[in-house]
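Close look at the chain arrangement
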Amino acid sequence: MTMTDATSVDTQVKVTAKSPVLANILGNALVVASKDKFRPAIASVQVTLTEASMVAVATDSYMLVRQEATVETQGEGVFLIFREEAEDIVKMVKADKMGVCTLVFSDREVTVSTSRSSATFRLADFDFPKHEALWPTGDPVPTATIGLGSWNLAKLAKIVDPDFSGKVTQGIRFDLFGALKPSRFKIGSTISGLMMPVKLS
């Protein structure tokens, strides 16, 4: 992936939403955000604010998750929140439970206010990977779809030591035949993502 500007804003940008919405949109992105401190651009969550919407995107370079939510916004901008800062914001917002929270973004920081507390967090000044061109344009019909319910994934996760090596199963591999392209997945109506193919030598 190529990189895109991390922080782009002329004035302060304000977001107002219910606490569970903000907690979910950031928390779901954090599921795949990289933990590699040597790659700070992806050890973060990209937040894009447009008129009445907030989009959070994160990646570990193998998988990318994108979630969009309808929120009340004043202004537009693209921001990058460090993983650790985003985790602290989620904890803070979750503590407010069913309240209403506000996030005020500026060039270098975001101030989070709930009914219980207020705190300021730093923003990252790195370039997040450009992912827009990887998404299918329009609404293409997939040649095939594999649906894996959470119950199926939970069953597969219980498989122990398939190679008789004494090690825990590290993952599940799906073999794709045809053009080598990212595979799109969807969870519910607001979360979509991409899984990057691994070319075998």
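Definitions and cut-offs
Residues numbered from 1 in each chain as written. Predicted model: local features only at pLDDT ≥ 70, side-chain atom pairs only at ≥ 80, totals over all residues. Heavy atoms only, no water. Helix = DSSP H or I, 4+ residues; strand = E, 2+ residues; numbered from the N terminus. Expected span 1.5 Å × (residues − 1). Buried < 20%, exposed > 50% of the residue type's maximum accessible area, 1.4 Å probe, protein only. Pairing = 2+ DSSP bridges. Axes fitted to C-alpha atoms, helices over the stretch in contact; angles between N-to-C directions. Parallel < 35°, antiparallel > 145°, perpendicular 65-115°, else oblique. Left-handed = near helix turned anticlockwise from the far one by under 90°. Contact = heavy atoms within 4.5 Å. Nonpolar A, V, L, I, M, F, W, Y, C, P; charged D, E, K, R; others polar.

**What to know about helix H1 (residues 19-30)**
Since there are 3.6 residues in each turn of an α-helix, residues three or four apart along the chain are aligned in direction. For H1, spanning 12 residues, the distance from its first C-alpha to its last is 16 Å, which sits close to the expected 16 Å at 1.5 Å a residue. Taken as a whole, H1 has its buried residues at Ser 19, Leu 22, Ala 23, Ile 25, Leu 26, Ala 29 and Leu 30.

**Details of the pairing of strand E2 (residues 13-18)**
Examined bridge by bridge, E2 and strand E8 (residues 100-105) share 6 bridges and lie antiparallel to one another. Bridging from a neighbouring strand, Lys 14 pairs with Val 104 of E8. Note: E2 against strand E6 (residues 72-74), 3 bridges, orientation antiparallel. Counterpart to Val 15 in the pairing with E6 is Thr 73.

**A look at the packing of H1 against helix H2 (residues 83-95)**
In contact at an axis separation of 9 Å, H1 and H2 are set at 150° when each is read in the N-to-C sense. By the angle between their axes, H1 is roughly antiparallel relative to H2. When the axes of H1 and H2 are compared, the crossing they make is left-handed. For the pair H1 and H2, contact is made by Ser 19, Leu 22, Ala 23, Leu 26, Gly 27 and Leu 30 and by Arg 83, Ala 86, Glu 87, Ile 89, Val 90, Val 93 and Lys 94, respectively. Split into classes, the residues belonging to the contact of H1 with H2 amount to 8 nonpolar, 2 polar and 3 charged.

**Some thoughts on H2**
Counted at 1.5 Å a residue, the expected span for H2 with its 13 residues is 18 Å, and the 19 Å between its end C-alpha atoms agrees. Considered for burial, the residues of H2 that qualify are Arg 83, Glu 85, Ala 86, Ile 89, Val 90, Met 92 and Val 93. Where H2 ends, the next residue or the one after it, Lys 97, has phi of about 55°, a positive value.

**Some thoughts on the sheet that holds E6**
One open sheet holds the 5 strands; their spatial order is E6-E2-E8-E9-E10, and the pairing between them is antiparallel. Of all strands in the sheet, those with a lone pairing partner are E6 and strand E10 (118-122), marking the two edges. Sheet twist, expressed as the mean angle between neighbouring strand axes with direction ignored, is 15°. Of the pairings in the sheet, the one linking E8 to strand E9 (residues 109-113) comprises 4 bridges and is antiparallel in character. Within E9, the position partnered with Thr 102 by the bridge is Ser 113. Contacting E2 and E8, H1 runs over the sheet at an angle of about 110° to E2. Packing against the sheet, H2 makes contact with E8, E9 and E10, and its axis sits at approximately 165° to E10.

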